[in-house]
Amino acid sequence: MRKKILVTGGSGYKGVKLIRNLIQHGYSVINVDKNIFGNYFIKNKYIKNYKLDTNDIFKVNLKNVVACIHLASIANDPMVDLNPSLSWETSVLGSKILMDHLIKHKVKKIIYASSGSVYGIKKEKRVKENLPLKPLSTYNKVKMATERVILSYKDKIDVIILRPATVCGFAPRMRLDLTVNMLTFQALKNKKITVFGGKQKRPNVHIDDIIDAYIFFLKKKNIRFGIFNIGFENLSILEIAKKISKIIKSDIIIKKNHSDARSYNLDSSKLLKAGFKPKKKISDAIHELKDLYNKQKLLDKPNFHSIKWLKFKLDQKKSI
Ligand SMILES: NC(=O)c1ccc[n+]([C@@H]2O[C@H](COP(=O)([O-])OP(=O)(O)OC[C@H]3O[C@@H](n4cnc5c(N)ncnc54)[C@H](O)[C@@H]3O)[C@@H](O)[C@H]2O)c1
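Residues numbered from 1 in each chain as written. Predicted model: local features only at pLDDT ≥ 70, side-chain atom pairs only at ≥ 80, totals over all residues.

## Some remarks on the overall build of the protein
When helices and strands are tallied, the protein shows ten helices and 13 strands. A globule of 320 residues ought to have a C-alpha radius of gyration of about 20 Å, and the protein, at 19 Å, matches this closely. Structurally, the protein occupies a C-alpha span of about 55 × 40 × 40 Å along its principal axes. Here the protein holds 320 residues, and the buried ones make up 42% of them. (Helix = DSSP H or I, 4+ residues; strand = E, 2+ residues; numbered from the N terminus. Rg over C-alpha atoms; globule rule 2.2 N^0.38 Å. Buried ≥ 20, exposed ≤ 12 C-beta atoms within 10 Å, placed from the backbone.)

## Looking at the site of the ligand
Near the ligand you find 30 residues, and of these Gly-9, Gly-12, Tyr-13, Ile-36 and Val-167 are the closest. Of all the elements, helix α1 (residues 13-24) adds the most residues to the shell around the ligand, at three residues. In terms of residue class, the shell around the ligand is made up of twelve nonpolar, twelve polar and six charged. (Near = placed C-beta within 6 Å. Nonpolar A, V, L, I, M, F, W, Y, C, P; charged D, E, K, R; others polar.)

## A few points about the sheet that holds strand β5 (residues 109-113)
The seven strands lie next to each other as β3-β2-β1-β4-β5-β6-β11, forming an open sheet whose pairing is parallel. The open sheet has two edge strands, β3 (47-51) and β11 (225-230), and neither has a second partner. Recorded for the sheet is a direction-independent mean angle of 15 degrees between the axes of neighbouring strands. Sheet topology note: the strand β6 (residues 158-164)/β11 ladder contains six bridges and is parallel. Within the sheet, the bridge partner assigned to Arg-163 lies in β11 and is Asn-229. Contacts between helix α4 (residues 138-151) and the sheet are confined to β5 and β6, with β6 contributing the most and set at about 165 degrees to the helix. (Pairing = 2+ DSSP bridges. Axes fitted to C-alpha atoms, helices over the stretch in contact; angles between N-to-C directions. Contact = placed C-beta atoms within 7 Å.)

## Concerning the environment of Asn-83
Its place among the elements puts Asn-83 in the loop between α2 (77-82) and α3 (84-104). Remark: the alpha-carbon pair of Asn-83 and Leu-314, spanning 231 residues in sequence, is separated by 8.5 Å.

## Brief notes about the nonpolar core
The biggest cluster of nonpolar side chains holds 74 residues, and the ones touching the most others in it are Ile-5, Ile-111 and Leu-162. Take this core: its biggest share by element is seven residues, from helix α6 (residues 207-219). If we ignore the near neighbours within four places in the chain, the residues touching Leu-162 are Ile-111, Tyr-112, Ala-113, Ser-114, Ala-213, Phe-228 and Ile-230. Grouped together as the second largest cluster of nonpolar side chains are seven residues, Ile-74, Met-79, Tyr-139 and Leu-310 included. (Core = buried A, V, L, I, M, F, W, Y, C linked by C-beta atoms within 7 Å.)

## A few points about the pairing of strand β8 (residues 192-196)
Burial along β8 is one-sided: the residues Ile-193 and Val-195 are buried and none of Lys-192, Thr-194 and Phe-196 is. Relative to strand β13 (residues 251-255), β8 is paired through five bridges, and the arrangement is parallel. Bridged to Thr-194 within β13 is Ile-253.

## Topic: the packing of α3 against α4
With their axes 9 Å apart at the nearest point, α3 and α4 run at an angle of 15 degrees to one another. Our classification of the angle between α3 and α4 gives roughly parallel. Seen along the crossing, α3 lies across α4 with a hand that is right-handed. Contacts between α3 and α4 pair Pro-84, Ser-87, Trp-88, Ser-91, Val-92, Ser-95, Lys-96 and Met-99 from the former with Thr-138, Val-142, Ala-145, Thr-146, Val-149 and Ile-150 from the latter. Class assignment for the residues of the contact of α3 with α4 results in eight nonpolar, five polar and one charged. (Parallel < 35°, antiparallel > 145°, perpendicular 65-115°, else oblique. Left-handed = near helix turned anticlockwise from the far one by under 90°.)

## Structural notes on α3
Compared with the 30 Å implied by 1.5 Å per residue over 21 residues, the 29 Å span of α3 between its first and last C-alpha is a close match. Roughly 35 degrees is the biggest bend found in α3, and it falls at Gly-94. Among all positions in α3, only Ser-87, Thr-90, Ser-91, Gly-94, Ser-95, Leu-98, Met-99, His-101 and Leu-102 are buried. With its phi angle positive at about 55 degrees, Lys-106 sits one or two positions after the end of α3. (Expected span 1.5 Å × (residues − 1). Bend = angle between axes of the 7 residues up to and from the residue.)

## Quick look at the packing of α1 against α6
As a packed pair, α1 and α6 sit with axes 10 Å apart at the nearest point and diverge in direction by 55 degrees. One finds that α1 runs oblique with respect to α6. For α1 against α6, the interelement crossing comes out right-handed. Between α1, through Lys-14, Lys-17, Leu-18 and Asn-21, and α6, the contact on the second element is made entirely by Ile-207, Ile-210, Ile-211, Tyr-214 and Ile-215. The residue inventory of the contact of α1 with α6, partitioned by class, reads six nonpolar, one polar and two charged.

## Quick notes on the pairing of β5
Within β5, five of the five residues are buried, which leaves it mostly tucked inside the rest of the structure. Side chains of β5 alternate between two faces, with Lys-109, Ile-111 and Ala-113 and Ile-110 and Tyr-112 buried alike. Note: strand β4 (residues 65-70) against β5, four bridges, orientation parallel. What sits directly across from His-70, in β5, is Tyr-112. Examined bridge by bridge, β5 and β6 share five bridges and lie parallel to one another. Each residue of the ladder has a partner; that of Ala-113, found in β6, is Leu-162. As for the winding sense of the linkage, the β-α-β connection from β5 through α4 to β6 is right-handed. (Right-handed = clockwise from strand over helix to strand, strands pointing away.)

This is the structure we're talking about:
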């Protein structure tokens, strides 16, 4: 019988690809997502989809679920700033409700998608998991507080916290607000890349590697607790732009004003020591996006622009 995994936020950028891979790896899946960015539910006999807020997770029967991969949240700084209470309520309080429900159903493991951005600005060349957190934005603070809620259950359930770098690469529910994806798309569409500031250091991870990492921790029975960074190429925004312009002929325009001060180098040696091997680089993501764009498979859809899309939905309904 297939082992059953609960995925929250399974209709998102990472979630859709993750669920496909889980099915290929022989799992069955319960997906709980309120489909903020559209209906990306996959129809498959091994997937049960619930269009639901994670705060209402108690409505879902988790019988025989062995692990949870918790992705649901408002997933970047400007989106959280559109309605900060929504994130505190759904990510922090919602995660407490989720944890109680997991414990009630004797689920053995939770893997939480935190964020490398919880470190804030760090001068250290190697930002390791034991450094103090200095979250700058509300998004970063919510991520840190959610980690703490989940960690408070570690005597009752195995807890793995992943702190990913900014993810890049193609997915069916595409995100064009992420650094490499956004700058690559500008180069493809306008033959021009606009960089604000440019010196800020940002670590990166390919979407296929982050998904492999979730599955790696599902399978690793001997790792029952831990916080792990995952990011492999620490580059300044300008270095990323230059990489793109070499692959897709385009001009780089540098503007002085920038509001996003985050700057840090992630050190993922703990994850590598645990046995995880990344397979892809930023340049793979750029080539893949270029190829799909040329084949008209990477389109400019309104829901791929997460910030504008969420603003539109919030203005329309006052809540989501
Ligand atoms: N993509 C990145 O670069 C990155 C980097 C670090 C961390 N993360 C984290 O990984 C997770 C997934 O990110 P993503 O890029 O797939 O984002 P995404 O915005 O594409 O997906 C998030 C999904 O969660 C759902 N959701 C949000 N709030 C919900 C709620 N209260 N109840 C039910 N569903 C809800 C949304 O409908 C969406 O489908 C997020 O927690 C994010 O903070 C992402």
